[in-house]
Amino acid sequence: MQKILFVCLGNICRSPLAEGIMLHLKNKHNLNVEIDSAGTAGYHIGEAPDKRTIANAKKNGVDLSLLRARQFEKGDLDVFDKIYVMDHSNLRNVLALAKDQKQKEKVSLFLNAVYPGKDLEIPDPYYGTEQSFEDVFQLVYKACETFSQQFKSTV
Ligand code: 4NP
């Protein structure tokens, strides 16, 4: 079973959203994956996702309320097969903890898995408006759907 970790900064907006959507799609598409998420920073350890992220996801049929934030740790690079980061800053922070080339190759921008070579980021909605949360939901949902279809055809 593939183990996939989604990583953002706080682990309360973007990466728990990706985790929750992928758990939702895992059931829908019967995917043989294990999913988790983490943040490069430790500001929100133990907290549920941001209230705005939870409310927006709920409106779109995805329950995030049981997820809890944790900080990314070096050992995650041993445990997970793939580590998908949300932006370039997360990418730098995670790569800085990789001990060798094999670990570095596990790490990539999530949107590059879906739109290869474009180096697109998932924008941080934390300082944004309600619309920012909806836009991020739609972007992440579409990426996760495409990812799930690709995943099904490779395993
Ligand atoms: P996330 O968003 O990285 O998508 O979880 C953020 C959440 C909290 C903070 C920054 C980004 N913060 O500075 O507390």
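Scoring rules and cut-offs
- Residues numbered from 1 in each chain as written.
- Predicted model: local features only at pLDDT ≥ 70, side-chain atom pairs only at ≥ 80, totals over all residues.
- Heavy atoms only, no water.
- Pairing = 2+ DSSP bridges.
- Helix = DSSP H or I, 4+ residues; strand = E, 2+ residues; numbered from the N terminus.
- Axes fitted to C-alpha atoms, helices over the stretch in contact; angles between N-to-C directions.
- Contact = heavy atoms within 4.5 Å.
- Near = heavy atom within 4 Å.
- Polar contact = N/O pair within 3.5 Å; in protein donor to acceptor, adjacent residues only side chain to side chain.
- Areas by Shrake-Rupley, 256 points an atom, 1.4 Å probe, with all protein chains shown as cover.
- Nonpolar A, V, L, I, M, F, W, Y, C, P; charged D, E, K, R; others polar.

A.B. asks: How do you make sense of the sheet that holds strand β4 (residues 107–109) when you look at a structure like this?
C.D. replies: Pairing between the strands of a sheet comes from backbone hydrogen bonds, and it takes one of two forms, parallel or antiparallel. Read from one edge to the other, the open sheet built from four strands follows the order β2-β1-β3-β4, with strand pairing classed as parallel. The sheet is open, and its two edges are formed by β2 (33–39) and β4, each paired on a single side. The sheet shows a mean angle of 25° between the axes of neighbouring strands, direction not considered. Inspection of the sheet shows strand β1 (residues 2–8) paired to strand β3 (residues 82–85) by four bridges, in the parallel sense. Pairing of V7 across the sheet is with V85, part of β3. Across the sheet, helix α1 (residues 14–29) is in contact with β1 and β2; its angle to β2 comes to roughly 170°.

A.B. asks: Is there a simple way to explain the site of the ligand in this structure?
C.D. replies: Close to the ligand lie C8, L9, G10, N11, I12, C13, R14, Y43, H44, D124, Y126 and Y127, which account for all nearby residues. A distance of 3.0 Å is found between an oxygen atom of the ligand and a backbone nitrogen or oxygen belonging to I12. H44 has a polar side-chain atom sitting 2.8 Å from an oxygen atom of the ligand. The protein chains hide 92% of the 350 Å² of surface that the ligand would expose on its own. Looking at the shell around the ligand residue by residue, the class counts come to seven nonpolar, three polar and two charged.

Keep in mind these numbers describe shape, not what the thing actually does.
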